[in-house]
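# Examination of the molecular architecture
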Amino acid sequence: VLSLAWLGPAVRGEEEDGEVVAEEEAGDDKVLSDELEEEDGVLVLHEHNFARAVSEHQLLLVEFYAPWCGHCQRLAPAFAQAAAALRDESSPARLGKVDATAQTALASEFGITSYPTLKLFRDGNRTHPLAYTGRMDAKGIVHWMERQAGPSATLLQDADTAAAFVGSQDVVVIGFFKDLESKAAQVFYEVASEVVDMTFGVAEAAEVFEAYGLSADTVCLFKKGGGPHHPSPWQFDEGRTDFPVDPARGLDAAELTQLLRVHRLELVMEFTNETSDHIFGAKIPHHMLLFLNKSSSGQLALQDGFRAAASTFRGKVLFVVVDVAGYGADVLPFFGLTPAEAPTLRLVKMENNRKYQMDQDVFSDTAIRTFVQAVLDGKVKPRLLSAEPPEDWDTRPVKVLVGKTFEQVAYDETKNVFVKFYAPWCSHCQAMAAAWEELGERYKDHEDIVIAELDATANELENITIHGFPTLHYFPAGPGRKMVEYKSNRDVETFSKFLENGGMLPEEPPVVPKTPENSTGREQPSPLGTAESRDEL
């Protein structure tokens with residue numbers, strides 16, 4: 001799934017609780033009390049025992065889930081493992097879960113709109129839970145909870161302790177504050193509690209300030225190899241980056257978090273299993289990719305110009321090397337590339353997944369800088385992928401669209417066109433495939449209605465960005481290039497009502513979904529396995 005990160009802008013898998021609201025199943029006569037019961041070491045919470053659980057546990061991480069949600073089902077074993085690990089450590093942290101489709105009052109109280117949603121309740125406070133921001137695996141959950149339970153930053157009382165701390169990890173962050181009770185220091189502690197994939201320390205002793213050549217409040221990021229007596233400012237690749245605290249503005253948590261995530265990275269990253277989390281977690285808006293075959297010495301030499309261009313755009317564009325014969329091979333189809341086309345360059349705008357390429361690849365630092373700046377200035381048009389249309393694409397009940405045929409079909413002013421945008425690997429798409437085929441059969445002889453589908457992983461459109469799979473859009477006949485997104489149940493009868501009513505559903509009570517097939521579930525690629533990997537209804 002990591003390889004799909006450059007496929008979609010939101011880069012996450014979700015099921016969103018939209019128009020359809022699930023209710024408690026009728027006939028469940030079980031009497032619930034405030035007793036706290038467990039399943040696999042995880043507290044089973046509901047409206048009657050939730051208040052007790054929050055009040056009795058100093059730190060309570062609650063998963064709000066839906067029984068049919070695929071992401072929730074995949075999270076369950078990791079959540080149980082994390083609960084066991086925390087219990088074995090005698091941690092004050094506990095884990096609990098709420099079936100948000102049954103406990104609708106709790107889901108409403110805490111604004112649950114996607115599954116799974118994880119929230120941390122601290123010291124009995126029910127009104128301001130903290131959103132979970134860690135990885136969605138057992139190790140990530142434990143690490144995040146440990147950071148919440150203990151001091152988020154280690155106090156470094158002298159220069160020797162600080163030096164040992166700097167050398168203890170590949171990346172460490174130290175906040176130097178003259179007053180650890182200051183507002184800026186408190187913001188630093190807040191950031192430290194959230195950014196759990198870095199190790200944080202704090203220092204206020206004059207001896208430590210002097211050892212690192214500092215005279216004012218400063219946040220320093222160290223990479224192994226950095227030392228105390230390096231001048232400032234620093235390039236991260238040299239070992240240390242300094243972020244002086246503005247006396248007037250203080251520290252902004254979001255700004256500091258982003259700076260740390262950007263500057264913890266090498267100037268040029270290689271896309272590997274180990275680095276992919278950091279590449280996408282930094283949330284840098286553009287990625288410049290050099291696809292090469294590392295077994296070719298001639299291609300490896302191209303990295304020199306690539307690296308030379310990178311420093312100009314730090315924080316705006318992340319430069320990444322992708323080995324087409326190694327870990328990067330799996331991403332090639334999403335760029336319409338084959339290994340034989342390496343070496344080549346692509347720039348990706350992460351917001352909308354638009355991909356840009358040179359008219360002809362030139363690998364000098366000057367050419368790369370010029371190209372990147374032209375893209376940032378809006379002077380280069382994106383390169384849109386398109387598969388070749390099947391020979392019988394327009395004779396099937398469901399028309400098979402590709403990028404190069406989409407316009408002529410969807411915006412035909414004489415037709416009402418209903419299009420499914422899907423991904424071949426998407427389980428929700430697979431679940432509704434039969435219904436879509438049946439819909440095509442039902443309307444194949446209608447002159448003014450077209451049922452179609454487009455593989456959005458192999459085709460890109462200039463003015464339409466697909467944020468999740470499946471996405472259903474209706475393009476009504478007539479001028480104006482109008483588009484209506486369909487967001488209701490995915491069954492043939494509801495589809496038909498929508499079409500017969502001119503692209504809208506008649507007013508009637510909604511049908512409560514009982515299975516994922518009847519939900520409005522959508523999937524999106526998730527590169528990180530983080531809290532962003534959720535299912536949307």
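Throughout, residues of each chain are indexed from 1 in the direction in which the sequence is written. Local features in a predicted model are, by the rule used here, given only for residues with pLDDT of at least 70; side-chain atom pairs are given and counted only at 80 or more, and totals for whole chains, interfaces and linings are based on all residues. Each side-chain value is worked out from all heavy atoms of the structure, with water and hydrogens disregarded.

The name recorded for the chain in an unreviewed UniProt entry is protein disulfide-isomerase, from Stercorarius parasiticus. Quoted straight from UniProt, the Sequence similarities (unreviewed entry) entry for the chain says "Belongs to the protein disulfide isomerase family." UniProt positions are given in the numbering used here, feature names are shortened, and annotations may be inferred rather than shown by experiment. Its UniProt record gives the chain a comment under Subcellular location (unreviewed entry), which states: "Endoplasmic reticulum lumen".

By definition here, a salt bridge exists when the distance from a side-chain nitrogen of Lys or Arg to a carboxyl oxygen of Asp or Glu is within 4 Å. What the rule picks out here adds up to 22 salt bridges. Across the salt bridge formed by Asp 34 and Arg 52, the nearest N and O atoms sit 3.7 Å from each other. Here Asp 34, found in the loop between β1 (15-16) and β2 (37-39), pairs with Arg 52, found in helix α1 (residues 50-56); they are 18 residues apart in sequence, far enough to count as distant. Only protein chains enter the accessibility calculation, which uses a 1.4 Å probe; a residue whose area is less than 20% of its type maximum is buried, one above 50% is exposed, and one in between is partly exposed. A relative accessible area of 38% means that Asp 34 is categorised as partly exposed. Two residues, Lys 355 and Glu 460, come together in a salt bridge whose shortest N-O distance is 2.3 Å. Pair noted here: Lys 355 is in strand β18 (residues 354-356) and Glu 460 is in the loop between β21 (449-455) and β22 (471-475), with a separation of 105 residues, a long-range link. Note on Lys 355: relative accessible area 3%, which makes it buried. In this structure Glu 460 comes out as buried when scored by relative accessible area, which is 9%. Connected through shared salt-bridge partners, Asp 34, Glu 35, Arg 52 and Glu 56 make up one network. Going along the chain from the N terminus, every DSSP run of H or I of four or more residues is numbered as a helix, and every run of E of two or more is numbered as a strand.

With that out of the way, let us pick up the environment of Val 400. Within the element layout of this structure, Val 400 appears in strand β19 (residues 398-401). On the accessibility criterion, Val 400 (12% relative accessible area) is buried. Apart from residues no more than four positions distant in its own chain, Val 400 is found in contact with Pro 390, Trp 393 and Glu 453. Contacts are assigned to residue pairs that have any heavy atoms within 4.5 Å of one another.

Reading across the sheet, the 5 strands line up as β9-β11-β10-β12-β13 and stay open at both edges, with mixed pairing between neighbours. Two strands lie at the open edges of the sheet, namely β9 (154-155) and β13 (240-244), each paired on one side alone. Between any two strands, pairing holds if DSSP finds at least two bridges. Two strands pair when backbone bridges link them, and strand β10 (residues 171-176) and strand β11 (residues 199-203) are joined in this way by 5 bridges, in the parallel orientation. Paired with Val 173 across the two strands is Phe 200, which belongs to β11. Note on definitions: angles span 0 to 180 degrees between N-to-C directions of axes, and those axes are lines fitted to C-alpha atoms, for helices only across the stretch in contact. Across the face of the sheet, helix α5 (residues 159-166) comes into contact with β9, β10, β11 and β12 (218-223) while running at roughly 150° to β10.

Here the focus is the sheet that holds β19. Read from one edge to the other, the open sheet built from 5 strands follows the order β19-β21-β20-β22-β23, with strand pairing classed as mixed. Because the sheet does not close on itself, it has two edges, and the strands there are β19 and β23 (484-486). Across the sheet, the mean angle separating the axes of adjacent strands is 30° when strand polarity is ignored. Here strand β20 (residues 416-422) runs beside β22; their pairing, made up of 5 bridges, is antiparallel. Across the sheet, Phe 421 pairs through a bridge with Thr 471, a residue of β22. Sheet strands in contact with helix α13 (residues 403-410) are β19, β20, β21 and β22, and its direction is about 150° off that of β20.

On to the pairing of strand β17 (residues 344-349). Counting buried positions along β17 yields 5 of 6 residues, so the element is predominantly enclosed. Of the pairings in the sheet, the one linking β17 to β18 comprises 3 bridges and is antiparallel in character. Note that in β18 the partner of Lys 349 across the bridge is Arg 354. Counting the residues between successive antiparallel strands, the hairpin from β17 to β18 contains 4 residues, one of them, Asn 353, with a positive phi of roughly 65°.

Every buried residue of α5 is listed here: Ala 159, Ala 162, Phe 165 and Val 166. In a view along the axis of α5, the buried residues occupy a sector of 120°, so they form one face of it. Residues Asp 160 and Ala 164 are exposed on α5 and point more than 90 degrees away from its buried face. Elements that come into contact with the buried residues of α5 comprise β9, β10, β11, α7 (206-211) and β12. N-capping of α5 is provided by Asp 158, with a side-chain oxygen placed 3.2 Å from the backbone N of Asp 160. Directions drawn from the helix axis to the C-beta atoms are what define this arc. Polar contact is the term for a pair of N or O atoms within 3.5 Å; when the atoms are in protein, one must be able to donate a hydrogen and the other to accept it, and sequence-neighboring residues count only if both atoms are side-chain atoms.

Glancing now at the packing of helix α11 (residues 303-310) against helix α12 (residues 365-376). In contact at an axis separation of 8 Å, α11 and α12 are set at 50° when each is read in the N-to-C sense. By the angle between their axes, α11 is oblique relative to α12. α11 and α12 meet at a crossing whose hand is right-handed. Residues Gly 305, Phe 306, Ala 308 and Ala 309 of α11 pack against Asp 365, Ile 368 and Arg 369 of α12. Across the contact of α11 with α12, the residue classes tally to 4 nonpolar, 1 polar and 2 charged. Oblique is the label for any angle not under 35 degrees, not over 145, and not in the 65 to 115 range, which are roughly parallel, roughly antiparallel and roughly perpendicular in turn. Note on convention: near helix rotated counterclockwise from far helix by under a right angle means a left-handed crossing. Clockwise means right-handed. We call Asp, Glu, Lys and Arg charged. Ala, Val, Leu, Ile, Met, Phe, Trp, Tyr, Cys and Pro are nonpolar, and the rest, Gly among them, are polar.

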